[in-house]
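Examining the three-dimensional arrangement
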2 protein chains.
Amino acid sequence: MSEERIFEIVRQVLAKITPTSSERERISLIVKKVIDSLHEVKKDYGIDYSIEIVGSYAKDTWLSGEADVDIFILFPPDIPEDSLGYYGLMIARQAVERIGGKCFERYATHPYIEAEVSGLTVDIVPAFKVASPDKIISPVDRTPFHTRYVISRINEKLKSEIRVLKRFMKGIGVYGAEIKVQGFSGYLAELLVIYYGSFYEVLKNASKWTPRRVFIDIEHFYKEREKKKLLRIMPGAMVVIDPIDKNRNVASALSIQKMCEFIAASREFLKTPSLDFFFPPKQFIAKENVSSLLEKRGTDIVVVLTKIPKLAEDIIWGQIYKSLDGLERLIKRFDFKVLSKGAWLSEENDLFFLFELENAELPTIEKHYGPPVTSKNVDSFLEKYLGSPDTISGPYIENDRWIVFRKRKYSTVSDLLKDRFHEARLGKHVLESLSKKMEILQGAEILKYLDKKGFKEYLYNWLIKKPHWLRHEKAKFE
Amino acid sequence: MSEERIFEIVRQVLAKITPTSSERERISLIVKKVIDSLHEVKKDYGIDYSIEIVGSYAKDTWLSGEADVDIFILFPPDIPEDSLGYYGLMIARQAVERIGGKCFERYATHPYIEAEVSGLTVDIVPAFKVASPDKIISPVDRTPFHTRYVISRINEKLKSEIRVLKRFMKGIGVYGAEIKVQGFSGYLAELLVIYYGSFYEVLKNASKWTPRRVFIDIEHFYKEREKKKLLRIMPGAMVVIDPIDKNRNVASALSIQKMCEFIAASREFLKTPSLDFFFPPKQFIAKENVSSLLEKRGTDIVVVLTKIPKLAEDIIWGQIYKSLDGLERLIKRFDFKVLSKGAWLSEENDLFFLFELENAELPTIEKHYGPPVTSKNVDSFLEKYLGSPDTISGPYIENDRWIVFRKRKYSTVSDLLKDRFHEARLGKHVLESLSKKMEILQGAEILKYLDKKGFKEYLYNWLIKKPHWLRHEKAKFE
C-alpha cells in the first residue's frame, strides 16, 4: 500500500536529516562561544543590547549537515535606525574576531555579518528589540517573533514533520524565498505543517491546491467573507496570513511557477513515492551528453553573454529575471518564436541569458498589416511604401485592409539583439554590463563554456527540462 | 485642377466606350434577325411566348466592343417550371440554327443558350412572363423588371455616366457579380449612378464608404430606423435595396474585398486621376520576370495542382474558393504561416492552388501546451509523454501548466498536404479531383507551367500584388 510506502520513506528521510547528538553538541558549543563573546564586548560600548538565537536552529527545525545559525543583536529602539548597522557590524566583527572566527559583510534587506567560527557559519544580524510585532522598525525585527511563535506551536513530532517537508522542498527545488528561487521560506514550511498537522497532510492538501485560491489563516484573524478580497489584493501565489502580523502574507514571495511545481511534485509523490524526491540522484554529465542533446535538437539556441558586477544576490537576480523577460519580449516583438528561456550566473559573475527559438532566422519578407482602406492613414501608408526599397510586394488590399510585404527589419536574432538590446526592459546593471560587453553565441558555440563550474549541469537540465523527480517515472512507462 | 482633369479623362473614356452608330446598326440588324427567327418558330409550338430584349443592350448602357445582348423568351406562367428549360432551349436552338448561328448550352442558376450569330454573342434565356415582381417563379423572371426600371429612370446623360462607371469597375477588376469575382453587377452599377447622379458623384461617395455601413434605398421602402437591422441581417458588403423588390439586396454577392478595392481605387482616382484605371496598361511579361521574382523572394511558394471536371463557372469557383480556404486552414492548423493564397484555372481545367508561406519547413520540435498542473488530465498527459519516442524535452512545468517539446507531426507542408488534404473543408469535385491526381510543386518547380495560357500573367500579378492602378504611382514617389 502506498501510504505504508510513504511512511517508510519518511522514516528513511528522517534517519538522514535529523541532527545527531554529537552534531548538536559540537554546534551548541560553538554557538555558546559566539554568544558569550557578543556579551563580552558589550562593556566596550555604552549600549545595552541583548542577544537572541532565532531561525531554524532556535526552533530545532534545521537539517543535519545544514545547520544555519542566526544570532540577533537586539538594540533598544532609541538607537537611530541608520546607526544600527554601524554598531551591529562593529560589535559582531569584534566578537567574532576575539574568538578567532572570520567575518564577511553581507547585505540583504539589511546589513549583517556572515561569520565562520570553527567551521560553522553563523549569521549575526543587528535588529531592534521591540515589545510587539506592531512596533517593528526594520523588517528583520519580525524574525524573533516568528521564532517564538513557531516554538510555542510545535513539539518533537512536528519538528520531524517540518524537517521532512523542508527536505522535500529542497529536493524538488522549491525551497527558499530569495528572488532567485521565489519558493517557500522555512517559516512558510513550518506554518504549513502547523496548519495541516504533518508532512503527509501538507502533501495531500497541496495536491489539491490551485494557485491564487489557497487562503490559510491559522490564527483566524479574518472572517470567511474577507478571504476573496484578500486573495485578490495580496501578492503571492497563495495567501498564508502571518500569525504575528495579520497584514502580511508569508507566501508573498512565492511564484505561481514554484507553487505549481510543489503541487505537481506532491501529486506525483503520493502516486509513486520515492526517496529521489528528497535526494535528487547525482548527475554525472559528460560534455558529449550536452553536445549530442544540442545537435539532434532541430531548434536554435541563442545565448547572450555578459559579465555583471558583484551585487547582493536578491538584487542581481531581480535584475536578471527582469532582463530575461525584457529580452524575450524584444525577441518576440520582432516575430521570433521563443520556446523557452533561462539564465545562468557563473561563480565569476559571467551572466548567460539562454533562449531556445523555433528559428533564429526568419524569412527576409514580412507581411505588414496597414490601415483599413477607409482610414485617414491610407495616404501616408501608401506614400511610405510605394516605391520604397523595402517594399517587396504590394501595397495591396486584403479584405478591408491595405497590406504590404516588406523587407524584414531583422531576419536574425543576433542582429536584432546587437542592434536593439538597449530597447529591452533591462535591469540597470545588466544594461550597463551589456553596453560594455556582449557576446552572442549560437548553437554549438555555447559548448566552449562547458568548463565553467556548474554550467554543464545547468545546460543539460535546461535542455532536458523534465524535473528530476519525473525521470524515475520513465522506466515505468517504457 | 483635379476636377477638370477628371472630366477630361471621362471625356476620353467616353470617346472609347460609346458605341458608334455603325456598331449599333450592325448589332441591331443581327438582333432583329434573331428576334424575327424566334417569332418565326413560334408556329411550330403550341405555346404563346413573347420575346423581350433585356440587360445592358436593352438599356443602352453597354460598352463599345463589348455588346452583351440578352434576349428572353417569356413563357406564360402555366407552363410547368421543369419544362421551361426544355422548351426554351429547343426554341432558341431552332431559331438560331435557322439563321445559320451556332449554339452552346450553358447553365447558371438556370439553363440558357449562348448563341453566336454573325460574330455576335447573344444569350437566349427562357423565363416566365409574370405580371409583377412579386409573382416571380424563377429568379431570372426578375430581369425584365430590372431592365424596365432602369430604362424608366435614365436619360442619355446617365447612360454615359453608367458606361464610364462600368468601364472603371472593369478596369480595376471589381465588375461582375459571378462567384469568381464577387464584385458589382451591371444592375448595381446602374443603380449607383441613378442614386448618386453621376460617375464622379459615385466615386466621391464611394471614397467615403465603409463596408457593412452603406445602405441605399432608392425607392424609400424603409424608414430610417429600419436601416440598422437590415444592414445586420442582409448578406453582402453593402445594402442596395432592389427598387423592384424591397426584400432583395442587389449587392448581396458583393464581397468586402471587392467593395474595398472599389473604395480604395475611388480614393486614388480622385487624388491622381488617370486613364489607366479604366484601361489597364498591357503587360508584357517574360518568363524571366516571373523566375527572378520567385528567386529573390525569401518566402516559400507551395502549389497544389489538380485537374477538375468542366462545370458551370459559378459552381466551379464556389468550390475553388471554399477549397482554397479549407486548405489554408489545414496548413495554418499545423503551424505554418500563410502569407497569401490564390487559385488559378487553366483553359484545360488544370486547377492551381497557390500558397505563399513564411516557411514551407518548420523545426522538427514543437512546444505543446498540456493541462494546468491542477487538472484531472495531468495523469493521462504524463502517461502519454513520459518515455514516448516523440517526446524531446520535458514534460515540465511553465507557470501553471505542463508543457512538452515533442516531435512535430509535419515539418513540411508538402507531407502535410499529401497526408491530410482530405481532412480540409473542400468542394466535392475538388476533393474527388485531388484524390485522383494531386501534384505538389515548390518554389521554382512551378516555372514549368508558365506556358499555360494566362498563367505567367496570373503568377506575376499574384507575386507583385500591387493593383495595376497603383503602379503608375511609383514614379511619383521615387
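Residues numbered from 1 in each chain as written. Chains lettered and ligands numbered in written order. Predicted model: local features only at pLDDT ≥ 70, side-chain atom pairs only at ≥ 80, totals over all residues.

**Re the relation of the copies chain A and chain B**
- With an RMSD of 0.1 Å, chain A superimposes on chain B once it is rotated by 180° and translated 0.0 Å along the axis. Between the two chains, the operation in question is that of a two-fold axis. Residue N359(A) of chain A places its C-alpha closer to the rotation axis than any other residue of that unit, at 5.1 Å.
- Comparing interface residues between copies, 100% of those in chain A also sit at the interface in chain B, which points to an isologous, same-surface contact. (Least-squares fit on C-alpha atoms with pLDDT ≥ 70 in both. Contact = placed C-beta atoms within 7 Å.)

**Structural notes on the sheet that holds strand β13 (residues 391-398) of chain A**
Residues and elements named next belong to chain A.
- Overall, antiparallel pairing links the three strands, which are arranged β12-β14-β13 in an open sheet. Either end of the sheet is taken by a strand with one partner, and the two such strands are β12 (365-372) and β13. Direction aside, neighbouring strands of the sheet carry axes that sit 20° apart on average.
- Pairing geometry for β13 and strand β14 (residues 401-407), over five bridges, is antiparallel. Of the residues in β14, the one forming a bridge with S393 is F405.
- Packing of helix α13 (residues 378-385) onto the sheet brings it into contact with β12, β13 and β14, and relative to β14 it is tilted by some 25°. (Pairing = 2+ DSSP bridges. Helix = DSSP H or I, 4+ residues; strand = E, 2+ residues; numbered from the N terminus. Axes fitted to C-alpha atoms, helices over the stretch in contact; angles between N-to-C directions.)

**Considerations on the packing of helix α7 (residues 186-196) of chain A against helix α8 (residues 199-206) of chain A**
All names here are of chain A.
- Interhelical geometry of α7 versus α8 gives an angle of 95° and a closest axis separation of 8 Å. With respect to α8, the axis of α7 lies roughly perpendicular. In this structure, α7 uses L192, V193 and Y196 to contact α8, whose residues at the interface are F199, E201, V202 and N205.
- Across the contact of α7 with α8, the residue classes tally to five nonpolar, one polar and one charged. (Parallel < 35°, antiparallel > 145°, perpendicular 65-115°, else oblique. Nonpolar A, V, L, I, M, F, W, Y, C, P; charged D, E, K, R; others polar.)

**Some thoughts on the sheet that holds strand β6 (residues 215-216) of chain A**
Residue and element names in this part refer to chain A.
- Reading across from one edge, β6-β7-β8 is the order of the three strands in this open sheet, with mixed pairing throughout. Each edge of the open sheet carries a strand with a single partner, namely β6 and β8 (245-249).
- As paired elements, strand β7 (residues 239-242) and β8 share two bridges and run antiparallel to each other. Paired with I241 across the two strands is N249, which belongs to β8.

**Some words on the interface of chain A and chain B**
- Each partner contributes to the interface: chain A provides 43 residues, whereas chain B provides 43 residues.
- When residues of the side of chain A that touches chain B are traced back to their parent elements, those giving at least two are α10 (256-271), β12, α13, β13, α16 (455-464) and α18 (473-477) of chain A.
- Broken down by element, the side of chain A that touches chain B gets its largest block of residues, seven residues, from α10(A).

**With respect to helix α15 (residues 428-436) of chain B**
All names here are of chain B.
- Inspection of α15 places V430, S433 and L434 among the buried residues, and these make up the whole buried set. The arc that holds every buried residue of α15, seen down its axis, measures 95°, which confines them to one face. In this structure, α15 carries K428, S435 and K436 as exposed residues pointing more than 90 degrees from its buried face.
- Turning to α15, the residues buried within the fold contact β9 (300-307), α12 (313-333) and β11 (350-357). (Buried ≥ 20, exposed ≤ 12 C-beta atoms within 10 Å, placed from the backbone. Arc of directions from axis to C-beta.)

**Here we look at the pairing of β11(B)**
Residue and element names in this part refer to chain B.
- With respect to burial, β11 is a largely interior element, seven of its eight residues being buried.
- In this structure, β9 lies alongside β11, joined through eight bridges in antiparallel fashion. Note on β11: the bridge partner recorded for D300 is L357.
- Here strand β10 (residues 338-345) pairs with β11 via seven bridges, running antiparallel. Opposite A343, over in β11, you have F353 as the bridge partner.

**As for the confidence of the model for chain A**
- Per-residue confidence for chain A gives a mean pLDDT of 93; residues scoring 70 or more make up 98%.
- Considering only residues more than four positions removed or in separate chains, one finds that residues 474-478 of chain A, a stretch of pLDDT under 50, has six contacts. (pLDDT = per-residue confidence, 0-100.)

**Describing unusual backbone geometry**
- The linkage connecting G394(A) with the following residue, P395(A), adopts the cis geometry, with an omega of 0°.
- Tracing the backbone through its elements, the reader meets P395(A) in strand β13.
- Positioned with a positive phi, H220(B) is a non-glycine residue whose angle comes to about 50°.
- Of note, H220(B) is situated in the loop between β6 (215-216) and α9 (227-233).

**As for the environment of V373(B)**
- Of note, V373(B) is situated in the loop between β12 (365-372) and α13 (378-385).
- The spatial distance from the C-alpha of V373(B) to the C-alpha of R401(B) is 5.4 Å, given a sequence separation of 28 residues.
- In this structure V373(B) touches C260(A), I263(A), A264(A), V378(B), I397(B), D400(B), R401(B) and W402(B), once residues within four positions along its chain are discounted.

**Comments concerning helix α4 (residues 81-98) of chain A**
All names here are of chain A.
- Along its 18 residues, α4 runs 26 Å from first to last C-alpha, staying within 8% of the 26 Å computed at 1.5 Å per residue.
- Summarising the contacts, the buried residues of α4 are in contact with α2 (21-40), β2 (69-75), β3 (102-107), β4 (111-117) and β5 (120-128).
- Positive phi appears at G100, one or two residues downstream of α4, with a value of about 80°. (Expected span 1.5 Å × (residues − 1).)

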